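Observations on the model geometry
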Amino acid sequence: MKKHDIGCYLEDFYQGMVIEHAASKTIFESDNNLFSLLTMNHHPVHTNMDYAGKQQHGQILVVGTLVFSLVVGMTVNDISGKAIANLEYEKVEHLKPTFLNDTLYARSKIIDVRPSKNKLDRGIVYVETIGYNQRHEDVLRFKRKVLVKRREGEK
């Protein structure tokens, strides 16, 4: 049995690199309901079709933190699979609403890559990720810094 390898080492990233993530997810009503229950977000715009239908968008909105969590998850195989830690998330922007049955996709651009100043076995990848839907509309944008391992022997 072959061990599953996930993620990239620091040396695999370069400034300006763009990654179209392979993972995608259609958000079903059950996903939104479960996430609302788990996170105690019981706002009726996320859980009540009658209420949501009378609001600005006329339909149930997917919880924004579910959209964020899914898009982060879509990047794991490519960005943070070899991460030691996520150091920082910055400027999370919800650009457009996400609705039930929308399908999410993600792409990331590497802003900066730098070795750690204190520990030679790791470095920081600074990345911007955009989540978009099946209509190719950007719905979410955020930046983060990820502490990633360096390859063995390149210390």
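Residues numbered from 1 in each chain as written. Predicted model: local features only at pLDDT ≥ 70, side-chain atom pairs only at ≥ 80, totals over all residues. Heavy atoms only, no water.

**Considerations on the environment of His43**
Note on placement: His43 falls in the loop between helix H1 (29-38) and helix H2 (44-47). Using a relative accessible area of 39% as the deciding quantity, one classes His43 as partly exposed. For the pair His43 and Val63, spaced 20 residues apart in the sequence, the C-alpha separation amounts to 9.2 Å. (Helix = DSSP H or I, 4+ residues; strand = E, 2+ residues; numbered from the N terminus. Buried < 20%, exposed > 50% of the residue type's maximum accessible area, 1.4 Å probe, protein only.)

**A few points about the packing of aromatic side chains**
Overall, the coordinates contain four aromatic pairs when judged by the stated rule. Relative to Phe142, the ring of Phe68 lies with its centre 5.0 Å away and its plane at 75°, an arrangement referred to as edge-to-face. Of this pair, Phe68 sits in helix H4 (residues 64-80) while Phe142 sits in strand E6 (residues 138-149), placing them 74 residues apart in sequence. The class of Phe68 is buried, set by a relative accessible area of 18%. Pairing Tyr105 with Tyr132 gives two aromatic rings, centres 5.6 Å apart and planes at 25°, and the pair type is stacked. Here Tyr105 is found in strand E4 (residues 103-115), whereas its partner Tyr132 is found in strand E5 (residues 122-132), with 27 residues between them in sequence. (Phe/Tyr/Trp six-rings, centres within 6.5 Å; stacked < 30°, edge-to-face > 60°.)

**Here's the deal with the side chain of Thr98**
Its place among the elements puts Thr98 in the loop between strand E3 (83-94) and E4. A relative accessible area of 4% places Thr98 in the buried class. Excluding its chain neighbours within four sequence positions, the residues that come into contact with Thr98 are Ile27, Ile60, Leu61, Val62, Val67, Leu104 and Val139. (Contact = heavy atoms within 4.5 Å.)

**Quick word on the environment of Glu93**
Turning to its location among the elements, Glu93 is positioned in strand E3. Residue class for Glu93 comes out partly exposed when judged on its relative accessible area of 22%. Distance in space between the C-alpha atoms of Glu93 and Thr39 is 20 Å, their sequence separation being 54 residues. Sequence-distant contacts of Glu93, that is, excluding residues within four places in its chain, are made with Val139, Leu140 and Arg141.

Honestly, that's just the spatial picture; any functional story needs more than this.
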